[in-house]
Amino acid sequence: MKLVTLILFLLSLNLLFAQNLHNDVKYFDDEKVASVQFNSFGHYGSTVMDLHTSRMFYQGGFFDENLKKESLNRLSDLNYFGGEYGFQMTYSNPLSTLFDDAGFYATYELAGSAGISFSDDLFKLIFQGNSGFVGDTANMGPMEISSFSYKKFGFGLNQDDRIKMGVGLMSFDSWQRASLKTGYMAVDDNIDSLTVGLDGRFRNGLNNGNPVGYGFGFDFEVIFPLGGKNDTLDQTKLVAGIKNLGLFFSNKGMTTYDLDTNYSFSGFNISSISDFQSSIIGTEALQDSLVPQGVEDRIVDLMPFELYFYSPSRPDGKKLQLVYGFRYRYGAAAMPQVYLGGDWRPNAKTIFSNYIHFGGYAMIQWGMSLKKSMGRFKIGLSSNNLHGFFTKEAYSQSLGLTMSYVIK
């Protein structure tokens, strides 16, 4: 399964890149310059499983009763597991080279994401079996699964380095999306039958060497000065934007499974995560019972897009300044992300940040970043959860890198 493969690939990396909102070096100062910028980012985590447990999905291992108990104690009504990654290269020229009041930018991006949100009953059902629901009903919904990867070419205009708007053409190498609005499993008191009711949809793109589909999206970003005169560049800023708002057009190999019926079959139970795929996903009888006949056809759907805002620190302001940000991703099976913290500018060429980060695929995390300016070259290094590099009991791990080179 492509979803499992992508998640396991993310987990197999010792160091992953962190989502880069606060690590953006283009707001290191207020100088308007042409530049080339590189961003690499990614993150994986879970609200339920710590790093030690998560790594069992690719290293194998026995999910013993102690580990189960720890995870069960962390369950809430809705839980998350997943990750994202990406690389972006952008050339930006805000110096009014095209029109009297507008510059331009061009960008190339590689990115992907895989995630799942699931109910507490579904987790118990998979990792404890159906014995705990004898004479009872397990609520398996709501559940959402999302997996995609793409390449993007983008172009746009930026007016006075304040307003940016552009378009992007995206080529998708993979696309999977599943949603379960409602789902239940009832176990008979005599433990001789199970009844499962499902209401949802699963879509899977076929990659036969060609893209599974294409997307056309709209990007927009605006910078609001906070306080002071609106035409003063050195005021505190609020950066707000939307990315990849548009439509996805699949090839003819997109398979859609609509789930809206009841099934009866025998129960199952697993203890070893290393046997997860063979014992459940590979069970032909279960597949035949649960998966209806798929329909292959072209589809049109909303692309995964994101909304964001954040406030970088002021270059000529106080040494210690408040910073904050927000990010919401549609179609990624992830929580909204927020962070709050402070920037410390000990000198004009250094920014050290310390902040609390919440959301994505994990709960509360402790983040840090360091940005340096070295002539024409600027570089930033960050982690949304520094704790993840020192103990396996953390719930996420990330590392981010951003660089910018000024062209004069």
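Residues numbered from 1 in each chain as written. Predicted model: local features only at pLDDT ≥ 70, side-chain atom pairs only at ≥ 80, totals over all residues. Heavy atoms only, no water.

Visitor: Explain the overall build of the protein to me, using residue names and the numbers behind them.
Guide: Within the protein one finds seven helices and 20 strands. Buried positions account for 51% of the 408 residues belonging to the protein. Intrachain contacts of the protein at a sequence separation of at least 6 include 70% that bridge at least 24 residues. When the accessible area of the protein is evaluated, it comes to approximately 18,900 Å², of which 59% is carbon and sulfur surface. (Helix = DSSP H or I, 4+ residues; strand = E, 2+ residues; numbered from the N terminus. Buried < 20%, exposed > 50% of the residue type's maximum accessible area, 1.4 Å probe, protein only. Contact = heavy atoms within 4.5 Å. Areas by Shrake-Rupley, 256 points an atom, 1.4 Å probe, with all protein chains shown as cover.)

Visitor: Report on the environment of Arg-329, specifying residues and quantitative values.
Guide: Note on placement: Arg-329 falls in strand S14 (residues 320-330). Overall, the relative accessible area of 9% leaves Arg-329 in the buried class. Through-space distance from the C-alpha of Arg-329 to that of Leu-307 is 6.6 Å; in sequence the pair is 22 residues apart. In this structure, Arg-329 is in contact with Glu-84, Ser-113, Phe-305, Glu-306, Ala-334, Gln-337 and Tyr-361, ignoring residues within four places of it in sequence. A distance of 3.5 Å separates the side chain of Arg-329 from the side chain of Glu-84, its partner in a polar contact. (Polar contact = N/O pair within 3.5 Å; in protein donor to acceptor, adjacent residues only side chain to side chain.)

Visitor: Requested: an account of the packing of aromatic side chains, with residues and values cited.
Guide: Aromatic rings considered in pairs are described by the distance between their centres and by the relative angle of their planes. Applying the stated criterion across every chain, the model contains 16 aromatic pairs. Between the aromatic rings of Trp-175 and Phe-248, the centroid separation amounts to 3.8 Å while the plane-to-plane angle is 5 degrees, which identifies the pairing as stacked. One end of the pair, Trp-175, is in strand S6 (residues 163-187); the other, Phe-248, is in strand S9 (residues 236-250), and 73 residues separate them in sequence. Given the relative accessible area of 2%, Trp-175 is considered buried. The class for Phe-248 is buried, based on a relative accessible area of 0%. Arranged with centres 5.5 Å apart and planes meeting at 25 degrees, the rings of Phe-309 and Phe-326 form a pair that is stacked. Note that Phe-309 is positioned in strand S13 (residues 305-311) and Phe-326 in strand S14, a separation of 17 residues in sequence. By relative accessible area, Phe-309 is classed as partly exposed at 32%. (Phe/Tyr/Trp six-rings, centres within 6.5 Å; stacked < 30°, edge-to-face > 60°.)

Visitor: Lay out the pairing of strand S2 (residues 78-93) with the relevant residues and their values.
Guide: Examined bridge by bridge, strand S1 (residues 34-46) and S2 share twelve bridges and lie antiparallel to one another. Paired with Asn-39 across the bridge in S2 is Gln-88. For S2 and strand S3 (residues 102-119), the ladder comprises 16 bridges, and the chain directions are antiparallel. Opposite Thr-90, over in S3, you have Thr-107 as the bridge partner. (Pairing = 2+ DSSP bridges.)

Visitor: If you had to explain the confidence of the model for the protein to someone new, which residues and values would you point to?
Guide: Across the protein, pLDDT averages 79, with 77% of residues at or above 70. The weakest mean pLDDT in the protein belongs to helix H6 (residues 276-281) at 40; the strongest belongs to strand S12 (residues 300-302) at 94. In the predicted structure, residues 1-18 sits below a pLDDT of 50 and forms 63 contacts with residues beyond four places in sequence or in another chain. In the predicted structure, residues 229-234 sits below a pLDDT of 50 and forms eleven contacts with residues beyond four places in sequence or in another chain. (pLDDT = per-residue confidence, 0-100.)

Visitor: How would you explain the layout of surface pockets if you had to name every residue and give the values?
Guide: Roughly 220 Å³ of volume is contained in the second largest pocket. If you trace the second largest pocket, you find it lined by Glu-144, Trp-175, Arg-177, Ala-178, Ser-179, Arg-201, Arg-203, Asp-301, Tyr-330 and Gly-331. Sort the elements by how many residues they give to the lining of the second largest pocket and S6 lands first, with four residues. Per-class residue counts for the lining of the second largest pocket are three nonpolar, two polar and five charged. (1 Å grid on protein atoms, 1.4 Å probe; cavity = no way out; pocket = protein on both sides within 12 Å on 5 of 7 lines; lining within 4 Å. Points joined across faces, edges and corners; volume = space filled by probe spheres on them. Nonpolar A, V, L, I, M, F, W, Y, C, P; charged D, E, K, R; others polar.)

Visitor: Any details on the pairing of S9? Residues and values, ideally.
Guide: Counting buried positions along S9 gives eleven out of 15 residues, so the element sits mostly inside the fold. Alignment of strand S8 (residues 213-226) against S9, held across 13 bridges, turns out to be antiparallel. Within S9, the position partnered with Gly-213 by the bridge is Ser-250. As defined by bridge partners, S9 adjoins S13 across five bridges and the pair is classed as antiparallel. By the bridge assignment for S13, Ile-242 is matched with Leu-307.

Visitor: Break down the nonpolar core for me, citing the residues and quoting the values.
Guide: Across soluble globular proteins, nonpolar side chains show a tendency to be buried alongside one another. Counting 21 residues, the largest nonpolar core has Phe-118, Met-140 and Met-143 as the members making the most contacts within it. Elements with a minimum of two residues in this core: S3, helix H5 (120-128), strand S5 (143-159), S6 and strand S7 (194-204). With five residues, H5 is the single largest residue contributor to this core. If we skip the residues at most four places from it in the chain, Met-140 touches Ser-119, Leu-122, Leu-125, Leu-180, Gly-183, Tyr-184, Met-185, Val-196 and Leu-198. Residues Trp-175, Phe-248, Met-254 and Met-303 belong to the second largest nonpolar core, which totals eleven residues. (Core = buried A, V, L, I, M, F, W, Y, C linked by side-chain atoms within 4.5 Å.)

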